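Topology and contacts: notes
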Amino acid sequence: MPFFGSIPFRKDFITTFLCGLLLIVGMEAVAQKGTAVLSGKVIDENEDPIARVSINILGKQGGWITSDSGTFRMEVPAGKAFALVFTHEGFREVQRNFLLNPGESELQIVRMYRTAKGLEEVVIRDDRFRNEPGLVKVNPKNAIVLPSATGGVEGLIKILVGSNNELTSQYAVRGGNYDENLIYINDFEIFRPYLVRAGQQEGLSFINPELVRNINFYNGGFQAKYGDKISSVLDISYKQPARFAGSAYISLLEQGLHLEGTSRNKKASWLIGARTKTNRNLLSSQETKGNYIPSSSDIQAFLSWKLTEKLQLEALGILSVSDFQLIPESAQKTTTVITPLFSANLGLDVYFEGREKDRYRSYLTGLSLNHSVNSKLKLKWLFSRYDDEENENFDILGAYLFGERSFDKTKPTFGQIVNPLGAGLFQNFARNQLHIQVYNLSHKGFLQAGKHYVQWGAGWEHQIIKDHLNEWEMHDSAGYSLPYNPAQLVLKKVLKSDADLQSDRIHGYLQDNILLGHASGDISMQAGVRFNYNSLNGEFLVSPRIQLNYKPEWKRDFVIKASGGVYDQPPFYRELRRPDGTINKSLKSQKSIQFTAGFDYNTTYGNKPLRITTEAYYKSLNDVVSYDLDNVRIIYSGENNARAYAMGVETRLFTELVKDAESWLSVNVSRTMENLKDDHYYLYTNAAGEVINSQTEDQVVTDSIRQEMGWIRRPSDRLVTVGLFLQDYLSTNKNFRVHLNLIYGSNMTHNIPNSVRYRNGLILEPYFRVDAGFSALLLSEKSLRRSHSPFRSFENIWASLEVFNMIDRRNVISYQLIKDFSNNVFSIPNRLTPRLINFKLLARF
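The shown structure was predicted, so the numbers you read here are calculated from the model rather than taken from an experiment.

1. Side note on the side chain of Asp568
For Asp568, the location among the structural elements is in strand 26 (residues 557–569). Buried charged residue Asp568 carries no salt bridge. Nearest counter-charge: Lys591, at 6.1 Å. Engagement of the side chain of Asp568 in a polar contact is seen with the side chain of Ser543, the distance being 3.0 Å. For Asp568, the contacting residues outside a window of four places in its chain are Asp228, Lys229, Ile230, Leu541, Val542, Ser543, Gln590, Lys591 and Ser592.

2. As for the pattern of salt bridges
Applying the stated criterion to the full structure yields 39 salt bridges. One salt bridge in this structure joins Glu93 and Lys734, with 3.6 Å as the shortest N-O distance. One end of the pair, Glu93, is in the loop between strand 5 (82–87) and strand 6 (94–98); the other, Lys734, is in strand 36 (residues 733–745), with 641 residues separating them in the sequence. Linking Lys551 and Asp557 is a salt bridge whose minimum nitrogen-to-oxygen distance equals 3.2 Å.

3. Some words on the nonpolar core
Burial of nonpolar side chains together is a common tendency in soluble globular proteins. Core analysis: the largest hydrophobic core is formed by 71 residues, its most contacted members being Val153, Ile157, Ile207, Phe217, Leu234, Ile236 and Tyr238. Examining the composition of this core, we find that 6 residues originate from one element, helix 3 (residues 152–161), more than from any other. In contact with Tyr238, not counting residues within four places along its chain, are Ile185, Asn186, Phe206, Ile207, Asn208, Leu211, Val212, Arg213, Leu271, Gln300, Phe302 and Leu316. Ranked by size, the runner-up nonpolar core spans 20 residues in total, among them Ile57, Ala78, Val94 and Leu100.

4. Brief notes about empty space enclosed by the protein
Applying the stated criterion across every chain, the model contains 9 cavities of 30 Å³ or more. Counted as a void, the largest cavity has a volume near 380 Å³. If you trace the largest cavity, you find 30 residues lining it, with Thr150, Gly151, Gly152, Glu254 and Lys840 closest to the centre. Only helix 2 (140–145), strand 13 (245–251), strand 15 (268–277), strand 40 (796–804) and strand 43 (836–844) provide two or more residues apiece to the lining of the largest cavity.

5. Topic: the pairing of strand 17 (residues 311–338)
Note that strand 16 (residues 288–306) and strand 17 share 19 bridges and pair antiparallel. Bridged to Asp298 within strand 17 is Ser320.

6. Things to note about the sheet that holds strand 7 (residues 105–111)
Strand order in the open sheet formed by 3 strands is 4-1-7, with mixed pairing between adjacent strands. Among the strands making up the open sheet, the edge pair consists of strand 4 (71–77) and strand 7. If you compare each strand with its neighbour and ignore which way they point, the axes differ by 25 degrees on average. Bridging between strand 1 (residues 35–43) and strand 7 involves 7 bridges; their strand directions are parallel. Bridge pairing in strand 7 places Ser39 opposite Leu107.

7. Comments concerning the sheet that holds strand 2 (residues 54–57)
Strands sit in the order 3-2-5-6 across an open sheet of 4 strands; the sheet is antiparallel. Every other strand in the sheet has two partners, leaving strand 3 (64–65) and strand 6 as the edge strands with one partner each. As judged from the 5 bridges shared by strand 5 and strand 6, these two strands associate in the antiparallel manner. Bridge assignment links Leu84 to a residue of strand 6, and that residue is Arg96.

8. Remarks on a nonpolar patch on the surface
A contiguous nonpolar surface patch, about 890 Å² in accessible area, is contributed by Leu367, Phe383, Leu441, Trp460, Ile506, Leu510, Val529, Tyr533, Phe540 and Val542. Going through the elements one at a time, strand 23 (493–516), strand 24 (521–534) and strand 25 (539–552) are the ones with two or more residues in the nonpolar patch.

9. Let's talk about the packing of aromatic side chains
Summed over the entire model, instances satisfying the criterion amount to 26 aromatic pairs. With centroids separated by 4.9 Å and ring planes inclined at 70 degrees, the aromatic side chains of Phe222 and Tyr567 adopt a geometry described as edge-to-face. Of this pair, Phe222 sits in the loop between strand 11 (212–218) and strand 12 (232–238) while Tyr567 is found in strand 26, placing the two residues 345 residues apart along the sequence. Residues Phe222 and Tyr567 agree in their burial class; the two are buried. Centroid distance Phe244 to Trp270: 6.4 Å. Interplanar angle 50 degrees. Geometry classified as tilted.

Rules behind the numbers
Residues numbered from 1 in each chain as written. Predicted model: local features only at pLDDT ≥ 70, side-chain atom pairs only at ≥ 80, totals over all residues. Heavy atoms only, no water. Helix = DSSP H or I, 4+ residues; strand = E, 2+ residues; numbered from the N terminus. Buried < 20%, exposed > 50% of the residue type's maximum accessible area, 1.4 Å probe, protein only. Lys, Arg positive; Asp, Glu negative; His and termini not counted. Salt bridge = Lys/Arg side-chain N within 4 Å of Asp/Glu carboxyl O. Polar contact = N/O pair within 3.5 Å; in protein donor to acceptor, adjacent residues only side chain to side chain. Contact = heavy atoms within 4.5 Å. Core = buried A, V, L, I, M, F, W, Y, C linked by side-chain atoms within 4.5 Å. 1 Å grid on protein atoms, 1.4 Å probe; cavity = no way out; pocket = protein on both sides within 12 Å on 5 of 7 lines; lining within 4 Å. Points joined across faces, edges and corners; volume = space filled by probe spheres on them. Pairing = 2+ DSSP bridges. Axes fitted to C-alpha atoms, helices over the stretch in contact; angles between N-to-C directions. Patch = residues over 30% accessible without salt bridge, like charges linked within 9 Å, V, L, I, M, F, W, Y side chains within 5 Å. Areas by Shrake-Rupley, 256 points an atom, 1.4 Å probe, with all protein chains shown as cover. Phe/Tyr/Trp six-rings, centres within 6.5 Å; stacked < 30°, edge-to-face > 60°.

What is shown is where atoms sit, not what they do.
As structure tokens, then:
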């Protein structure tokens with residue numbers, strides 16, 4: 001009986017044992033299903049182990065470090081694809097892709113190759129830029145991958161400050177206009193063409209992004225060392241190469257090549273870039289149909305010679321040529337009018353004869369000598385010559401029909417004007433020539449003395465301007481020349497003038513950057529003063545400026561900044577010229593007092609870096625030269641006839657959606673207004689004191705009431721601007737990337753010519769545009785290529801597909817005013833470009 005009595009015990013034991021075994025096996029299976037083991041060793045080109053190599057799963061934060069012997073072992077996800085990225089300072093990044101089975105063990109030998117220790121390949125993390133008010137550091141690599149019709153460095157700036165025109169590289173900052181921005185390349189000031197009327201006439205940007213090493217953009221509150229403009233500073237530094245390298249790219253819009261290198265003894269370096277561009281594909285989709293022949297090209301060179309251990313000579317040369325030819329054929333424009341009294345789909349059909357031919361040539365030559373006296377004292381002498389030749393020639397005749405357009409697809413008149421409201425002719429003629437020469441001789445000094453960093457400078461500038469203006473417009477409406485005069489033919493507009501100006505400017509500055517110690521945090525101050533003398537109007541100006549920043553010793557990484565100062569802008573040629581072509585030589589400088597205050601906050605969000613900057617600003621402007629804006633053409637009044645102000649708040653968020661892929665969001669809320677002198681109009685009343693709009697037999701004007709316009713919106717006023725730049729890549733492969741560029745701007749005003757009451761009375765609808773780029777790395781891992789491979793010398797090759805204006809929104813840039821048979825005026829919008837596809841191939845070697 002004891003034997004049989006033990007059977008139940010054995011059954012229970014066996015059952016329990018089997019259940020436990022199954023549970024263990026099941027747990028092991030679950031464990032094996034979730035992970036795999038990856039181990040190996042990282043070595044260099046000489047088979048030596050590399051210690052402390054960073055290993056990260058692509059797109060994830062955190063990771064592993066190799067041991068002193070270069071080995072690693074890790075548990076990794078199983079059953080799905082992933083990529084590991086191996087990085088180490090002084091070595092090229094390596095990426096390996098894996099798809100491991102559950103429980104699998106994989107052994108890998110990873111070989112890394114050393115990079116040249118050139119300055120362009122060393123990333124230096126320096127947070128000092130956070131201390132300067134108004135300064136935004138821009139990564140020059142983003143300018144190369146940015147999907148944009150204009151692209152380049154200015155394309156990135158437009159994301160930060162807003163834009164309303166994808167065809168131009170120009171930008172407006174904090175309520176200013178295009179002429180209020182300073183641009184420097186290696187301390188040489190850069191100028192733009194002056195006769196350009198529309199973005200389609202522009203050529204290449206003056207800045208070649210392939211040559212850029214560093215970008216500093218100040219959107220206000222900049223220091224005294226920067227010149228005499230009132231809105232912004234774009235300070236560009238070109239590379240100083242340490243080895244031979246280059247790049248080449250080709251696309252449907254632009255092509256380029258750049259080479260760089262050094263001499264054998266490393267005492268001389270050279271950097272050369274050449275580009276060519278044509279917007280023909282982009283312009284052919286515009287409302288005005290015809291034969292567009294735009295072309296532009298440039299060549300730039302930056303050379304450096306180390307004469308001695310303390311002397312270095314640098315030379316910068318830029319030659320830019322842009323041609324624009326247009327033989328217009330026809331244009332069809334449409335708009336919808338909805339009012340309580342009148343609603344219709346209005347169309348304007350124009351048929352052209354004639355042609356336009358413009359040419360813009362710019363030359364810049366600059367020499368600088370750098371003298372490092374010792375480790376604390378550095379001196380610099382600069383000489384530059386800028387030469388600009390512009391020719392504008394057009395003779396275009398147009399016949400137009402204006403009226404209601406049919407959109408009934410069931411009728412044969414679909415798309416045609418079925419109810420004519422107006423008809424006429426016009427002719428535009430111009431033979432304009434402009435030649436500008438600017439000579440500049442200047443000196444700069446830098447002295448480090450304890451907690452003081454003193455900077456000074458002085459310069460002389462000589463300007464020679466020769467302008468020949470011969471331009472007229474003829475308008476005929478319903479058989480009558482406008483303005484109508486039965487006794488003689490009167491043209492609507494006639495400009496004929498010749499100008500020959502020479503002027504000198506003397507300018508300089510002195511500033512001190514001071515580090516002030518404090519128990520509760522770090523305080524620094526930049527205080528300086530700038531002076532400027534203009535021989536043309538005899539004006540002498542002094543501009544004090546100060547910047548403060550405070551980094552408290554808080555647990556959170558905050559920097560608090562503020563600035564204030566006087567910013568003056570002496571008139572250049574375009575401000576001097578009145579709308580009738582005459583020159584106002586006594587025009588004074590535009591003057592402003594500016595204040596900014598804000599903070600810079602560094603933190604993390606979900607293991608991702610996050611930086612938030614906010615800055616509030618206020619500008620008070622006097623002796624303002626009022627202007628009208630038509631496309632990119634600025635038409636100045638030539639008089640100091642206004643006061644103005646600009647105020648707003650800018651907030652920017654910088655982060656990485658995935659590791660090593662910078663993205664940012666910029667939001668600006670602002671308001672800029674102006675008050676012109678003597679801008680008034682009259683309301684007329686009848687005998688009963690009632691306001692009337694016209695004089696008739698029954699309504700005789702008996703009195704008038706003067707109405708002051710007061711403060712009105714400036715042409716650059718925009719309440720809200722939003723800019724977004726995103727970068728992303730596949731979680732399993734860093735070699736497939738997406739770049740997104742979004743710009744939104746609320747409505748702007750547009751001027752009605754010769755109208756005081758309705759100055760800036762038209763409204764340009766909000767600007768909204770999205771561009772996207774999709775890139776794939778076609779060739780990488782140079783070390784794995786065979787010796788006889790034709791691509792053996794290439795570092796990498798990228799292919800990109802770019803979609804401009806993804807949402808296919810035809811933004812409005814300006815209005816064309818048309819009169820009907822009853823003398824009523826209608827505004828017909830001039831629209832920008834639709835959706836366009838571009839393909840780009842980029843190779844580096």
